[in-house]
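Report on the structure
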Amino acid sequence: MEPVSLQDFVCALDLASLPRVLRVCSGVYFQGSIYEISGNECCLSTGDLIKVTQVRLQKVVCENPGTGQTIEIPPNFCGHFSPLTGPQSYETLEELLSAATQRSRKLPISFMSTHKITTETRVVPRDQPLLLKDVEEYHRTYRARCVLDTGTQHFTLYLPLSQRGPFWEWEPGAPRPLLQALQDPTLSDRLFTCPTLPWQSLLLRPQYEIQAIMHMRRTVVKIPSTLEVDVEDVTASSQHIHFIQPLLLSEALARGGPFPLSAEILEVPEGPPIFLNPWAGFLQKGQRLRVHGLASPPWRILVSTKGRKVPRHFMVSGAYQGKLRRRPREFLTACDLLGALQPGQPLRVVATKDCEVEGLETLSLTSLAVGDRLEVLRPGQAHGAGGQDIDVLVCQRLSDQAEEEEEEEEDYEEIENEDQILLPLYISSSFVEEMSDNRRYSLGDLTAQFSLPCEVKVVAKDGSQPADPLPSFPGLRLEEKIMEPFLVVSFDSNPDMCFELPPRWLDLTVVETEQQPGQPTGPSLVATVEELTESFYYMLRKLPAFENQPPPPRPPKGQGLSGQKKQSGKNKSGQSCQVSERQQAPLLPKAKMKTLPQGATDSAGMYSKVAAHRKGLRHTKPITDPDDDEHDYEEIHEKFQNTL
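Counting from 1, residues in each chain are numbered in the order their sequence is written. Totals for whole chains, interfaces and linings use all residues, but because this is a predicted model, local features are given only for residues with pLDDT of at least 70 and pairs of side-chain atoms are given and counted only at 80 or more. Each side-chain value is derived from all of the structure's non-hydrogen atoms; neither hydrogens nor water enter the calculation.

In this fold, proline 246 is placed in the loop between strand 20 (230-233) and strand 21 (247-248). Taking the C-alpha atoms as reference points, proline 246 and arginine 217, separated by 29 residues in sequence, lie 6.3 Å from one another. Numbering of helices and strands runs from the N terminus, with a helix taken as a DSSP run of H or I at least four residues long and a strand as a DSSP run of E at least two residues long.

This is the structure we're talking about:
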């Protein structure tokens, strides 16, 4: 096949013969382009091979042959087009007459001109049909006797055979839709007429979009047919050529396989590494992979270690088979207690550090000693003697007497009201969560029964993993559940090394290869614990899934404390204290929610019995003790109730 322009090739192409392989004979490059304009390829090099897979009509440009004016119409244009002329134009009347004689055409012959014709008696408008009746000799020259039919009159005109056109032989045809007029190869470059367009005659110039495959191009290339490039059809001699088409793992995941998929790595995404596992170093160009399919289950848990100066971070698959036990949480400030308080989930803690609120010697704002047991109820505000609002936590002091009389509702209610205390958020103390849960949970059961974040200890490693790192840590913090599809991948050189890749964050560019004989049909042991780099961990923390975790509250500034200390010395200890809450719930509840199982008193003994070994600490007496002469708790409590 001789080289032709890309436009001519597409116009004459039979769509049923696709796909076709073309070789670029003369390349084209638009200076200043970035290889694509509006999503279309605009740069082709000489020698490039193009595998045309589809051709789509983009638009049709209608051109007035007389004036050169154009109108664009869409492919779904509803008008009908009638061919007006033969397939060829002629420069003079003599050429038109000679061509008709060679085809054994007899006079009269209908013709037209795309330009106006000026004679001695009349001006013939362009696109006006004329009838050539005869050829006469006049003054030793030949002229054509033509008849002009205006619809109301007939005029005879004499035109010399040397009259210049261009002239078209008039052959009116049946009207047809736009697509039929373009697909008929016999109507190429013919003049048409359309009643819905303003011109009596026009040329149709279709513009197509060619969809093709090229070497090392990941996506389908779109080429406009108007690109000024010459091509030749080499389909017959290119049957053995295989077009290498790169593929992203995300694309393989989106199209659903088919899996297993044998592939070779062409490119690894740039940027810092995200995994610290040994297999991450083998993800290089040229490495052959086998993608087994979608990992199950589709969720993972982001885990950080506790008890180390530099924490480590892991992503644990939902298929992890180790056993976990809940671990008491530690809180360093009252603000941390406020951040851990969840609606409907009671929180009981034990003080592990002495703390005394200086300058706030009121009934409800009190000091804490090691071993004091508290139940955090809700946030609130206290109006102290100095007139300043203090953010506090409303807590219930738990005692052995309260536990013993828990079944007696009236007595317990009185004790609870008297043992409620207020903890300013600015105090710096230390608390440990009180719990008696010794059950061993699977990862799925734990995340289903308890909200995240929570702290655990791995008490039995995953037996399917020979090197499970999680049991070696004294504590783990389960931070968030991540719902993201992963692909199970292994190396051809080491089929036993199976791991899970997230295409969203590690989207390898690969090329499909033929499956090697003797490869296993399914994945072997798949790693369920992947260690993360610190940079990738903090990138995960920015995901929308972590928006549900509110940041810890900012501790109040300590300047209010010093101001209250000065004023507390001037005021008497008998001044009243008013409490207002942020919520509409009453400050002193009438009933206590059971937050621990039946055996909570015995199992939490290591925290509740610390008070028996205190040395050199001020003994905190119950506020209902009538023999306390130093502090008139009863009188203040009465004033406290009156102010509510």
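Per-residue accessibility, obtained with a 1.4 Å probe over protein chains only, is compared with the maximum for each type, and a residue is labelled buried under 20%, exposed over 50%, and partly exposed between these values. Listed as buried for helix 2 (residues 93-102) are Leu93, Leu96, Leu97, Ala99 and Ala100. Looking straight down helix 2, one finds its buried side chains confined to an arc of 160 degrees; they lie on one side. In helix 2, the exposed residues that point more than 90 degrees away from the buried face are Thr101 and Gln102. Of the residues flanking the end of helix 2, it is serine 104, one or two places downstream, whose phi is positive at about 60 degrees. This arc is taken over the directions from the axis of the helix to the C-beta atoms.

This part takes up the nonpolar core. Here, nonpolar core refers to any group of buried Ala, Val, Leu, Ile, Met, Phe, Trp, Tyr and Cys residues whose side-chain atoms link them within 4.5 Å. Core analysis: the biggest nonpolar cluster contains 35 residues, and Leu6, Leu44, Phe81, Leu202, Leu204 and Ile223 have the highest contact counts within it. For this core, the secondary structure elements donating two or more residues are helix 1 (6-11), strand 2 (20-26), strand 5 (49-63), helix 3 (178-183), strand 18 (202-213) and strand 19 (221-224). The leading source of residues in this core is strand 5, at six residues. In what follows, residue pairs with any heavy atoms lying within 4.5 Å of each other are defined as contacts. Dropping the residues within four chain positions of it, leucine 204 is found in contact with Val60, Val61, Cys62, Phe81, Leu178, Ala181, Leu182 and Phe192. Counting 34 residues, the second-largest nonpolar core is a separate cluster that includes Ala252, Phe275, Leu501 and Val510.

Our focus in this paragraph is the sheet that holds strand 33 (residues 454-460). Strand pairing within a sheet occurs via backbone hydrogen bonds; the two strands may be parallel or antiparallel. Pairing between strands is defined by DSSP: at least two bridges between them are needed. Strand order across the open sheet formed by six strands is 26-33-34-24-25-38, with antiparallel pairing between neighbours. Among the strands making up the open sheet, the edge pair consists of strand 26 (323-326) and strand 38 (529-532). Averaged over neighbouring strand pairs, the angle between their axes works out to 40 degrees when direction is ignored. Taken together, the four bridges between strand 26 and strand 33 define a ladder with antiparallel strand orientation. Structural elements are reduced to axes, namely lines fitted to C-alpha atoms, with helices fitted over the stretch in contact, and the angle between N-to-C directions of any two is expressed from 0 to 180 degrees.

Let us now look at the pattern of salt bridges. Only one rule defines a salt bridge in this text: a Lys or Arg side-chain nitrogen within 4 Å of an Asp or Glu carboxyl oxygen. Applying the stated criterion across every chain, the model contains 21 salt bridges. The residue arginine 20 makes a salt bridge to aspartate 233 at a minimum N-O spacing of 2.7 Å. In this pair, arginine 20 sits in strand 2 while aspartate 233 sits in strand 20, placing the two residues 213 residues apart along the sequence. Residue arginine 20 is classed as partly exposed on the basis of its relative accessible area of 22%. The partner of lysine 59 in a salt bridge is glutamate 72, and the shortest N-O contact between them spans 3.0 Å. Here glutamate 72 lies in strand 6 (residues 70-73) and lysine 59 lies in strand 5, a separation of 13 residues in the sequence.

Let us now look at the pairing of strand 7 (residues 80-83). Pairing of strand 7 with strand 16 (residues 176-177), which is carried by two bridges, proceeds in the antiparallel orientation. Bridging across to strand 16, histidine 80 finds its partner in proline 177. Two strands pair when backbone bridges link them, and strand 7 and strand 17 (residues 191-193) are joined in this way by two bridges, in the antiparallel orientation. If you follow serine 82 over to strand 17, its bridge partner there is threonine 193.

Turning our eyes to something else, we now look at the sheet that holds strand 36 (residues 498-501). With respect to topology, six strands assemble into an open sheet ordered 21-37-22-23-35-36, the strand pairing being antiparallel. The open sheet terminates on both sides in strands that have one partner only, identified here as strand 21 and strand 36. Looking at chain direction, strand 23 (residues 288-294) and strand 35 (residues 487-491) are connected through five bridges and run antiparallel. Of the residues in strand 35, the one forming a bridge with leucine 289 is phenylalanine 491.

Glancing now at the packing of aromatic side chains. Two aromatic rings are characterised by how far apart their centres lie and by the angle between their planes. Between the rings of Phe, Tyr and Trp (Trp by its six-membered ring), a pair exists once the centres lie within 6.5 Å; its type follows the angle of the planes, with under 30 degrees stacked, over 60 edge-to-face, and the other angles tilted. Summed over all chains, the structure comprises twelve aromatic pairs. Taken together, a centroid distance of 4.1 Å and an interplanar angle of 5 degrees make the contact between tryptophan 279 and phenylalanine 499 stacked. Of this pair, tryptophan 279 sits in the loop between strand 22 (261-267) and strand 23 while phenylalanine 499 sits in strand 36, placing them 220 residues apart in sequence. Neither residue differs from the other here; tryptophan 279 and phenylalanine 499 are each classed as buried. For the pair phenylalanine 314 and phenylalanine 473, a centre-to-centre distance of 5.8 Å together with 55 degrees between the ring planes defines the contact as tilted. With phenylalanine 314 in strand 25 (residues 313-317) and phenylalanine 473 in the loop between strand 33 and strand 34 (475-483), this residue pair connects regions lying 159 residues apart in the sequence. Residue class for phenylalanine 314 comes out buried when judged on its relative accessible area of 1%. An aromatic cluster is defined as three or more aromatic residues linked by ring pairs; in this entry it consists of Phe275, Trp279, Phe282, Phe491, Phe499, Trp505 and Phe536. Cation over ring: arginine 300 sits above phenylalanine 486, and NZ or CZ is 4.0 Å from the ring centre. Criterion for a charge above a ring: Lys NZ or Arg CZ within 6 Å of the ring centre, and within 35 degrees of the ring normal. Above the ring of phenylalanine 450, the side-chain terminus of arginine 326 is found at 4.1 Å from the ring centroid.

This paragraph deals with the pairing of strand 38. Burial along strand 38 is two-sided: Val529 and Glu531 facing one way and Glu530 and Leu532 facing the other are all buried. As paired elements, strand 25 and strand 38 share four bridges and run antiparallel to each other. Paired with histidine 313 across the bridge in strand 38 is leucine 532.

The next point concerns the side chain of aspartate 507. Note that aspartate 507 resides in the loop between strand 36 and strand 37 (509-512). Pairing of N or O atoms within 3.5 Å defines a polar contact, subject to two protein rules: one partner must be a possible hydrogen donor and the other a possible acceptor, and residues neighboring in sequence count only if both atoms are side-chain atoms. A distance of 3.1 Å separates the side chain of aspartate 507 from the backbone nitrogen of leucine 249, its partner in a polar contact. Among the polar contacts listed, one links the side chain of aspartate 507 to the side chain of serine 250, at a separation of 2.6 Å. When neighbours within four sequence positions are excluded, aspartate 507 is seen to be in contact with Leu248, Leu249, Ser250 and Pro269.

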